[in-house]
Number of protein chains: 2
Amino acid sequence: MPAERDLLLRDVMDRIGDKWSVTVICRLDDGPLRFNALKRAVDGITQRMLSATVRRLERDGLLTRTVHPSVPPRVEYALTDRGRSLHRVLAELVAWTEDNLDDIQQCRKRFDAGEYGAHA
Amino acid sequence: MPAERDLLLRDVMDRIGDKWSVTVICRLDDGPLRFNALKRAVDGITQRMLSATVRRLERDGLLTRTVHPSVPPRVEYALTDRGRSLHRVLAELVAWTEDNLDDIQQCRKRFDAGEYGAHA
DNA sequence: CGGGATCCGTCGCGATACTG
DNA sequence: CAGTATCGCGACGGATCCCG
């Protein structure tokens with residue numbers, strides 16, 4: 001991979017590398033959700049962070065924000081086609097993780113235990 | 001994607017979502033490099049961050065750190081098979097970015113200009 | 001219900017200097 | 001050459017209160 005593409009990859013990582021974006025995308029892939037439903041689905045996110053996260057995702061055209069004028073207010077969030085295509089790539093990352101997470105944790109334990117590399 | 005897998009994805013993101021890990025992995029995919037060569041290849045990284053980054057990647061078994069006892073000291077970093085398999089997934093992310101970055105930047109410009117969604 | 005505004009802690013990261 | 005130690009800042013993110 002040529003170095004120029006690093007910058008591209010950094011662009012995506014800067015966008016989805018934050019704490020909540022990927023989770024929101026994943027939860028929204030099952031279908032549109034309203035604000036508080038999405039908040040419950042994500043679990044652990046605060047209103048502030050959800051609000052900021054969906055705005056950034058909307059800004060990048062990864063999801064749409066639809067306001068239904070009614071009382072009480074009703075706002076639905078849904079992935080765009082682009083958002084869904086990104087989710088497909090993220091799914092590959094999930095698959096990779098499922099294949100490797102156990103080994104990784106083993107590695108980490110051995111590394112922390114031996115602190116090898118220090119003398120061996 | 002079920003919610004339990006969010007946690008898995010968060011695990012990877014926490015690992016490679018930092019500023020330098022993906023770049024180091026990309027540069028190392030072309031072949032092993034010594035510390036300062038890697039530092040030059042990454043461009044912009046400080047010694048401190050490179051040192052911390054490679055240690056975490058080594059800890060997770062994504063790369064190996066080989067010390068050749070000589071004067072001057074000679075340390076080579078190389079991706080493991082697992083590191084290379086991760087790089088393949090990251091390459092998909094790069095491909096996705098190449099396909100979408102222009103559109104994303106368009107979206108962002110329109111979003112910032114109109115601040116639509118506020119009234120429309 | 002769906003947010004915005006504010007305050008504040010943490011920690012990732014950069015710059016610099018020093019070491020074996 | 002290949003790191004480590006120290007310092008400091010700024011962004012990210014959590015908690016809380018307030019509003020239409």
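Residues numbered from 1 in each chain as written. Chains lettered and ligands numbered in written order. Predicted model: local features only at pLDDT ≥ 70, side-chain atom pairs only at ≥ 80, totals over all residues. Heavy atoms only, no water.

Brief notes about the pattern of salt bridges
Threshold: Whenever Lys or Arg places a side-chain nitrogen within 4 Å of a carboxyl oxygen from Asp or Glu, that contact is recorded as a salt bridge. Secondary structure follows DSSP: runs of H or I at least 4 residues long count as helices, runs of E at least 2 residues long count as strands, and numbering of each begins at the N terminus. When accessible area is computed with a 1.4 Å probe and restricted to protein chains, residues below 20% of their type maximum are described as buried, those above 50% as exposed, and intermediate ones as partly exposed.
Inspection of every chain in the model, using the stated rule, returns 24 salt bridges over all chains. A salt bridge links A:Arg27 to B:Asp6, with the shortest nitrogen-to-oxygen separation between them at 2.6 Å. Of this pair, A:Arg27 sits in helix α2 (residues 21-28) while B:Asp6 sits in helix α1 (residues 4-16), placing the two residues on different chains. For the pair A:Arg27 and B:Asp6, a shared accessibility class is recorded, and that class is buried.

Considerations on the packing of aromatic side chains
Residues and elements named next belong to chain A. Which entries qualify depends on this criterion: Each aromatic pair joins two rings of Phe, Tyr and Trp (for Trp, the six-membered one) with centres within 6.5 Å, and gets the label stacked for planes under 30 degrees apart, edge-to-face for over 60, and tilted for any other angle.
The tally for this structure, following the rule as stated, stands at two aromatic pairs over all chains. Centre to centre, the rings of Phe35 and Tyr77 are 6.4 Å apart; their planes meet at 55°, and the pair counts as tilted. Here Tyr77 lies in strand β3 (residues 74-79) and Phe35 lies in helix α3 (residues 35-42), a separation of 42 residues in the sequence. Residue classification places Phe35 among the partly exposed positions, given a relative accessible area of 22%.

Description of the UniProt feature "domain: HTH hxlR-type" (unreviewed entry) in chain A
This is how it is decided: UniProt positions are given in the numbering used here, feature names are shortened, and annotations may be inferred rather than shown by experiment.
Taking the numbering used here, the UniProt-annotated feature "domain: HTH hxlR-type" (unreviewed entry) corresponds to residues 1-105 of chain A. Secondary structure within residues 1-105 of chain A divides into 64% helix and 13% strand; the distance between the first and last C-alpha atoms comes to 28 Å.

A look at the side chain of A:Thr23
Heads up, the condition is: Whether two residues touch is decided by their heavy atoms; if any such pair falls within 4.5 Å, the residues are in contact.
Its location among the elements puts A:Thr23 in helix α2. Setting aside chain neighbours within four positions, we find A:Thr23 in contact with A:Val42, B:Asp6 and B:Arg10.

Re the protein's contact with DNA strand C
Quick note on the threshold: By convention in this text, a residue qualifies as near a molecule or strand provided that one of its non-hydrogen atoms is within 4 Å of it. Nitrogen and oxygen atoms within 3.5 Å of one another constitute a polar contact, given that in protein one can donate a hydrogen and the other can accept it, and given that sequence-neighbouring residues count only through two side-chain atoms.
Of all residues adjacent to DNA strand C, which total 20 residues, the nearest are A:Ser51, A:Arg55, A:Arg65, A:Tyr77 and B:Lys19. Within 4 Å of the protein, the atoms of DNA strand C are drawn from sugar and phosphate moieties in a proportion of 66%. Residue A:Arg34 places a side-chain N or O atom 3.0 Å away from a phosphate oxygen belonging to DNA strand C. One of the side-chain N or O atoms of A:Ser51 is found 2.4 Å from a phosphate oxygen in DNA strand C.

Comments concerning unusual backbone geometry
That bond from A:Val71 to A:Pro72 is cis: its omega, 0°, falls within 30 degrees of zero. For B:Asp43, which is not glycine, the phi dihedral falls at a positive 70°. Mapped onto the secondary structure, B:Asp43 falls in the loop between α3 (35-42) and α4 (47-59).

Focus: the protein's contact with DNA strand D
To be explicit about the condition: Charged residues are taken to be Asp, Glu, Lys and Arg, nonpolar residues to be Ala, Val, Leu, Ile, Met, Phe, Trp, Tyr, Cys and Pro, and polar residues to be all remaining types, Gly included.
Around DNA strand D there are 20 residues in total, and A:Lys19, B:Ser51, B:Arg55, B:Arg65 and B:Tyr77 lie nearest to it. A distance of 2.6 Å is found between a phosphate oxygen of DNA strand D and a side-chain nitrogen or oxygen belonging to A:Lys19. Within the backbone of B:Pro73, an N or O atom sits 3.4 Å from a sugar or linking oxygen of DNA strand D. For the surface near DNA strand D, the leading source of residues is α4(B), giving four residues. Tallied by class, residues from the surface near DNA strand D come to eight nonpolar, four polar and eight charged.

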